[in-house]
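# Descriptive analysis of the structure
These are the residues of each chain, in order.
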Amino acid sequence: MRRIVLIIALFAVLAPAVAAEASYHAASTGGIVSDLAITADGGYAVAGTGSGKIVCLRQDGTVPWNVSAGSPITTVAVADAAGRIAAGTSAGGVLLLDGNGNRYWTANVSGGVNGLAFTGDARLLAVAAERITLFDHRGEELWNLSTLAEVRSVAFTKDGNYIVTGSDNGAVHFIGRRGNLLWQALATDAVTAVDISRDGSVVAAGSRDRALRVYDRPGGLPWAVPTGAPILALALSGDGRIVVVGKEGGSLECYRPDEGLLWGNRTGSNVLAVDVSRRDEVVAAGTACGTVHLWSGSGDERWSFDAGAPVTAVALSERGDYLAAGAGEQAFIFRTADVPLPPVTTTPTEDATTPAPTPTTAGGAGALIGIAGVVAAVFVGRR
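A brief structural summary. Keep in mind it's a predicted model, so treat the numbers as computed, not measured. (Residues numbered from 1 in each chain as written. Predicted model: local features only at pLDDT ≥ 70, side-chain atom pairs only at ≥ 80, totals over all residues. Heavy atoms only, no water.)

## Side note on the overall build of the protein chain
Basically, it comes down to this: Under the DSSP-based scheme used, a helix requires at least four consecutive residues in state H or I and a strand at least two consecutive residues in state E, with every element numbered from the N terminus. Partly exposed residues are those whose accessible area sits between 20% and 50% of the maximum for their type, while under 20% is buried and over 50% is exposed, using a 1.4 Å probe and protein chains only. Note on definitions: a residue-residue contact is assigned when non-hydrogen atoms from the two residues lie within 4.5 Å. Working definition of accessibility: Shrake-Rupley area with a 1.4 Å probe, residue cover restricted to the visible protein chains.
For the protein chain, the helix and strand inventory stands at two helices and 33 strands. For the protein chain, with 383 residues in total, the buried portion stands at 55%. Restricting the contact set of the protein chain to residue pairs at least 6 apart, pairs at least 24 apart contribute 43%. Carbon together with sulfur atoms contributes 51% to the accessible area of the protein chain, which is approximately 15,800 Å² in total.

What follows is the structure, given as structure tokens:
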């Protein structure tokens with residue numbers, strides 16, 4: 001009887017190791033990741049690369065497809081609905097794909113594409129390049145508008161009624177869905193990033209003039225704050241309650257408009273990418289030194305991860321339960337609730353799957369072998 005109890009106890013202790021699985025997955029993208037986006041539910045991420053590849057990575061680590069655009073990908077976007085994916089190229093190409101990587105249509109704009117933004121129903125796509133251009137879901141150009149400078153960033157409200165853009169000449173434009181300019185504001189240097197709340201009531205703009213500006217829908221400037229360093233990346237929560245900025249020099253700061261700084265952290269190198277979940281539960285950042293950071297909405301760091309190359313893009317699912325990141329020639333998907341455990345890298349081939357991790361003495365087949373050995377020893381010892 002004691003022998004049986006001992007065997008059961010050994011299985012109980014070692015079973016969690018057998019069941020353990022990686023808390024993140026990585027895929028080789030075949031080129032330096034220039035941008036990355038994730039679906040609202042975190043089901044999959046799409047990465048664009050400087051080699052012209054568009055690579056899909058599912059949360060289970062499989063790489064169901066990759067396609068070539070023929071020229072370097074500069075930006076990508078994933079729609080909240082309809083499973084649509086958009087990509088822009090340095091040559092001015094705009095591609096709309098379905099969830100399986102098949103092309104719906106392609107179009108061209110003047111100059112390289114710097115930003116893309118879908119409406120919530122994916123029926124409209126805004127493209128930032130030398131001009132701001134609006135396409136419908138069939139690829140028909142509805143209108144284009146000049147901001148008198150290169151448009152670096154664009155964001156769309158969920159209902160598609162308002163678009164905000166930021167340009168190299170310091171201009172922030174607030175545009176109606178018919179292309180009518182509703183208002184314009186000016187920074188004193190290039191606007192590097194803009195974002196808008198889901199209902200369009202809050203607009204945030206970061207620039208190289210070391211200032212964060214937050215506007216209301218009519219275009220007033222109710223709140224502005226000096227940041228002490230040029231802003232490289234910016235994200236606004238869906239409800240507009242918090243705005244996160246990543247700065248040159250390594251600082252990340254989280255503000256509540258009309259109130260001030262909520263919290264800040266030093267990362268050690270330029271913060272190249274930031275994101276915040278819709279209801280500001282979690283904040284993510286990627287740095288030039290190759291680190292992915294995850295904080296709670298209150299500023300407590302949950303974990304950090306060495307990605308091995310500059311982190312050029314981060315994207316959180318709507319609830320903040322999944323995080324995608326691009327670094328060097330790899331794309332990652334993390335479960336944010338868990339400290340990252342080692343995955344196995346996959347290659348971007350058709351129907352690629354993540355192979356099982358190499359067995360170790362702590363889990364997988366290694367644990368089963370260990371159990372078998374201990375059980376055998378127990379039987380031998382009892383003879």
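That was the structure; now back to the text.
## Looking at the pairing of strand β25 (residues 260-266)
Rules: DSSP-based pairing: two strands are paired if at least 2 bridges between them are found.
In the sheet, strand β24 (residues 251-256) pairs with β25 via six bridges, with the strands oriented antiparallel. Bridging across to β25, Leu 252 finds its partner in Asn 265. Where β24 folds back on β25, the antiparallel hairpin that results is connected by three residues, among which Asp 258 adopts a positive phi of roughly 75°.

## Observations regarding the sheet that holds strand β18 (residues 191-196)
Short version of the rule: In this analysis an axis means a line fitted to C-alpha atoms, helices contributing only their contacting stretch, and an angle means the value between N-to-C directions, from 0 to 180 degrees.
Within the open sheet, the four strands sit side by side as β18-β19-β20-β21. Their pairing is antiparallel. Each of the sheet's edge strands pairs with one partner strand only, and the pair in question is β18 and β21 (223-226). The mean inter-strand angle of the sheet, taken between neighbouring strand axes irrespective of direction, is 15°. Note that strand β20 (residues 211-216) and β21 share four bridges and pair antiparallel. Each bridged residue has a counterpart across the sheet, and for Arg 213 the counterpart in β21 is Ala 224.

## Focus: the pattern of salt bridges
Heads up, the rule is: Counted as salt bridges are all cases of a side-chain nitrogen of Lys or Arg within 4 Å of a carboxyl oxygen of Asp or Glu.
What the rule picks out here adds up to eleven salt bridges. Among the ionic pairs, Asp 136 bridges to Arg 138, the shortest N-O distance being 2.8 Å. Exposure remark for Asp 136: the relative accessible area of 6% places this residue in the buried category. For Arg 138, a relative accessible area of 58% puts it in the exposed group. The network of salt bridges with common partners includes Asp 136, Arg 138 and Glu 140.

## Quick look at the nonpolar core
The criterion, for reference: Nonpolar cores are built from buried Ala, Val, Leu, Ile, Met, Phe, Trp, Tyr and Cys residues. Side-chain atoms within 4.5 Å join them into one set.
Judged by nonpolar contacts, the single largest core of 19 residues is most densely connected at Val 292, Phe 305, Leu 323, Phe 332 and Phe 334. Taken together, the elements giving at least two residues each to this core come down to β1 (24-28), β27 (282-287), β28 (291-296), β29 (301-306), β30 (311-316), β31 (322-327) and β32 (330-335). Each residue touching Leu 323, except ones within four places of it in the same chain, is listed here: Ile 38, Ala 284, Val 292, Leu 294, Trp 303, Val 314, Ala 315, Leu 316, Phe 332, Ile 333, Phe 334 and Thr 336. Counting 16 residues, the second largest nonpolar core, distinct from the first, contains Leu 96, Val 113, Val 127 and Phe 135.

## Some thoughts on empty space enclosed by the protein
This is how it is decided: Throughout, the protein atoms alone are placed on a 1 Å grid, and a set of points is a cavity if a 1.4 Å probe fits but cannot get out or a pocket if it is open with protein on both sides within 12 Å along at least five of seven lines; lining residues have an atom within 4 Å of a point. Grid points are joined across faces, edges and corners, and a volume is the space filled by probe spheres set on the points.
Taken as a whole, this structure holds one cavity of 30 Å³ or more when the rule is applied. Considered as a void within the structure, the largest cavity measures approximately 30 Å³ in volume. If you trace the largest cavity, you find it lined by Arg 84, Leu 96, Trp 105, Phe 118, Ala 122, Leu 124, Leu 125, Asp 136 and His 137.

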